[in-house]
Amino acid sequence: GCKTRSYPYGHYWNNAGMSNDNQDKAFFAIMGSAPPRTDVRYIAIFSSGQQGSSGGDDSANAMSGASDNWKWSTNENPSETRYVDARSVAGKFYNDEILPRSKTLALTVWDAQFNHMASSGEKADTLEGYVNYLNSKVYWANIEGVVLVGSSRGGCLAMRLAKEIKVKAPSADFAVGSVDGVCKYTQSELGTRNSKIDNPIPAAPSSYKAYKTNLASEFSDKDHFCIFHLVGGQEVTGLALGVRAFTHETCSAETCALSNNGKDWYKQQWINLAHQTAGRDYSKASITIDPMVQHIKDCKTRFGWS
């Protein structure tokens, strides 16, 4: 595992029970430099989706800014330089300094190893590893805001990690973004179940559907959440394995929202894009990247982050 090759963070996942193989495949980096622990007021995490069937691929992603073919043999060279794509949500967040770098721990996750076919226990271990890592970088009582954005399995990670971090930082506010986020309904992950809503866009293929969940029962303290989900609903594998995005159970119109105390805490927009296109194609920025960046800015304004 990572710990055997002197990687600085592998033990956080190892202590959580993550397998050595998954530790070796996982990949994330701090954008810029980490502020002193005492100065951190914001956390921002941008995640790619699953990297191939077993998590060993290296694909580009428009949320995290990962480039194609980013992996290398860490046995031969423990580190190499990689750049976050400036066109991505992560790139725009950092370069535009939407939140001050001096107070923000910003991470880009190119292989989260939060894979669809992993057991519920393995997924819980992975989430625990991320929280363990953050424990070493922040003082939870100081955290004012958390930004979590991802596509596909990264979208499910963003939703679930928000819930885990909320336990540690109960007074923090959360800007969460998911692009065609995929959770496993046979594990009732994020409350998903085997009941679907058709993509309501007239031009969308009839095969585009999403699994229902009751997000109102998944998130408490709704006044602290500002969530945006773009949903396409294409079956991801092309093999009829039932791998597809989630939707709130009442969101059968092209746009919908859930409100609490007069404010929308969850907004959903159906899109007519194939799954990989939604997460990777920069030519669709006006449908995916731009609205997600604007969402973060809107949440910042709502919560008064500065």
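Residues numbered from 1 in each chain as written. Predicted model: local features only at pLDDT ≥ 70, side-chain atom pairs only at ≥ 80, totals over all residues. Heavy atoms only, no water.

## Re empty space enclosed by the protein
For clarity, the cut-off: Residues are said to line a cavity or pocket when one of their atoms sits within 4 Å of a point; the points come from a 1 Å grid over protein atoms alone, cavities being sets where a 1.4 Å probe fits but cannot get out and pockets being open sets with protein on both sides within 12 Å along at least five of seven lines. Grid points are joined across faces, edges and corners, and a volume is the space filled by probe spheres set on the points. Under the DSSP-based scheme used, a helix requires at least four consecutive residues in state H or I and a strand at least two consecutive residues in state E, with every element numbered from the N terminus. Here the nonpolar group is Ala, Val, Leu, Ile, Met, Phe, Trp, Tyr, Cys and Pro; Asp, Glu, Lys and Arg are the charged ones; every other residue, Gly included, is treated as polar.
Across all of its chains, the model carries one cavity of 30 Å³ or more by this definition. Estimates place the volume of the largest cavity at around 40 Å³. With three residues, the top contributor of residues to the lining of the largest cavity is helix α5 (residues 153-168). Of the residues assigned to the lining of the largest cavity, the class counts are three nonpolar, six polar and two charged.

## Some remarks on the nonpolar core
Spelled out, the test is: Definition used in this section: a nonpolar core is a set of buried Ala, Val, Leu, Ile, Met, Phe, Trp, Tyr and Cys residues joined via side-chain atoms within 4.5 Å. Partly exposed describes any residue whose relative accessible area lies between the buried limit of under 20% and the exposed limit of over 50%, with all areas from a 1.4 Å probe on protein chains only and scaled to the type maximum. By definition, residues are in contact when any of their heavy atoms lie within 4.5 Å.
Within the largest apolar cluster, 53 residues are counted, with the highest numbers of intra-cluster contacts made by Leu134, Trp140, Ile143, Leu148, Leu161 and Phe174. Other than its neighbours up to four places away in sequence, Leu161 contacts Ile45, Leu127, Tyr130, Val131 and Leu148. In this structure, Phe46, Ala90, Phe93 and Leu230 belong to the second largest nonpolar core, which totals 31 residues.

## Notes on the environment of Leu157
Along the chain, Leu157 turns up in helix α5. Between the alpha carbons of Leu157 and Thr126 there is a distance of 9.8 Å; along the sequence they are 31 residues apart. If we ignore the near neighbours within four places in the chain, the residues touching Leu157 are Ser47, Ala112, Phe114, Leu127 and Ala162.

## Details of the packing of helix α4 (residues 120-135) against α5
As a reminder of what qualifies: Here the axes come from fitting lines to C-alpha atoms, over the contacting stretch only for helices, and the angles between their N-to-C directions go from 0 to 180 degrees. By definition in this entry, angles of less than 35 degrees are roughly parallel, angles greater than 145 are roughly antiparallel, angles of 65 to 115 are roughly perpendicular, and the rest are oblique. Crossing handedness: left-handed means the near helix sits turned counterclockwise from the far one by under a right angle, and right-handed means the same turn made clockwise.
Across the interface, α4 lies against α5 with an axial gap of 10 Å and an inter-helix angle of 55°. Classified by the angle their axes make, α4 and α5 are oblique. Handedness of the crossing formed by α4 with α5: right-handed. Note on element contacts: α5 touches α4 through Arg153, Leu157, Arg160, Leu161, Glu164, Ile165 and Lys168, opposite Lys123, Leu127, Tyr130, Val131, Leu134 and Asn135.

## Considering the sheet that holds strand β5 (residues 173-179)
The following threshold applies: The pairing criterion for strands is at least two bridges between them, as found by DSSP.
Read across the open sheet, the eight strands follow the order β1-β3-β2-β4-β5-β8-β11-β10; overall the sheet is mixed. Unpaired on one side and paired on the other, β1 (27-30) and β10 (255-260) mark the two borders of the sheet. Strand after strand, the sheet turns through a mean of 10° between neighbouring axes, direction not considered. Relative to strand β8 (residues 225-231), β5 runs parallel, the two sharing six bridges. Counterpart to Gly177 in the pairing with β8 is Phe228.

## Thoughts on the side chain of Asn199
The condition is simple: Any N or O atom pair separated by 3.5 Å or less is treated as a polar contact, with the protein-specific requirement of one donor-capable and one acceptor-capable atom, and with residues adjacent in sequence counted only for side-chain atom pairs.
Tracing the backbone shows Asn199 in the loop between β6 (196-198) and β7 (209-213). A polar contact of 3.0 Å, which involves the side chain of Asn199, links it to the backbone nitrogen of Ile201. There is a polar contact of 3.0 Å between the side chain of Asn199 and the backbone oxygen of Ile271. When neighbours within four sequence positions are excluded, Asn199 is seen to be in contact with Ala204, Tyr208, Lys209, Val231, Gly232, Trp270 and Ile271.

## Points about the sheet that holds β6
Backbone-to-backbone hydrogen bonds pair the strands of a sheet. The strands run either parallel or antiparallel. Across the sheet, three strands lie side by side as β6-β7-β9; this open sheet has mixed pairing. The sheet is open, and its two edges are formed by β6 and β9 (246-248), each paired on a single side. Taking the axes of each pair of neighbouring strands and ignoring which way they run, one obtains an average angle of 50° across the sheet. Note: β6 against β7, three bridges, orientation antiparallel. Note on β7: the bridge partner recorded for Ile197 is Ala210.

## Concerning the state of the cysteines
Here is the rule: By convention in this document, the label disulfide applies to cysteine sulfur atom pairs within 2.5 Å.
Enumeration according to the criterion identifies three disulfides in this entry. The disulfide partner of Cys226 is Cys299, and the gap between their sulfur atoms is 2.1 Å. Disulfide Cys226 to Cys299: torsion about the S-S bond roughly -80°, handedness left-handed. Separated by 73 residues along the polypeptide, Cys226 in strand β8 and Cys299 in helix α8 (residues 289-303) bring together distant segments of the chain. Across the pair, Cys299 and Cys226 agree in class, each one buried. Covalent S-S linkage joins Cys251 and Cys256, the inter-sulfur distance amounting to 1.8 Å. Torsion about the S-S bond of the Cys251 and Cys256 cystine: about 55°, corresponding to right-handed handedness. Like Cys256, Cys251 is buried. Once the bonded cysteines of the chain are numbered in order along the sequence, the disulfide links fall as 1-2, 3-6, 4-5.

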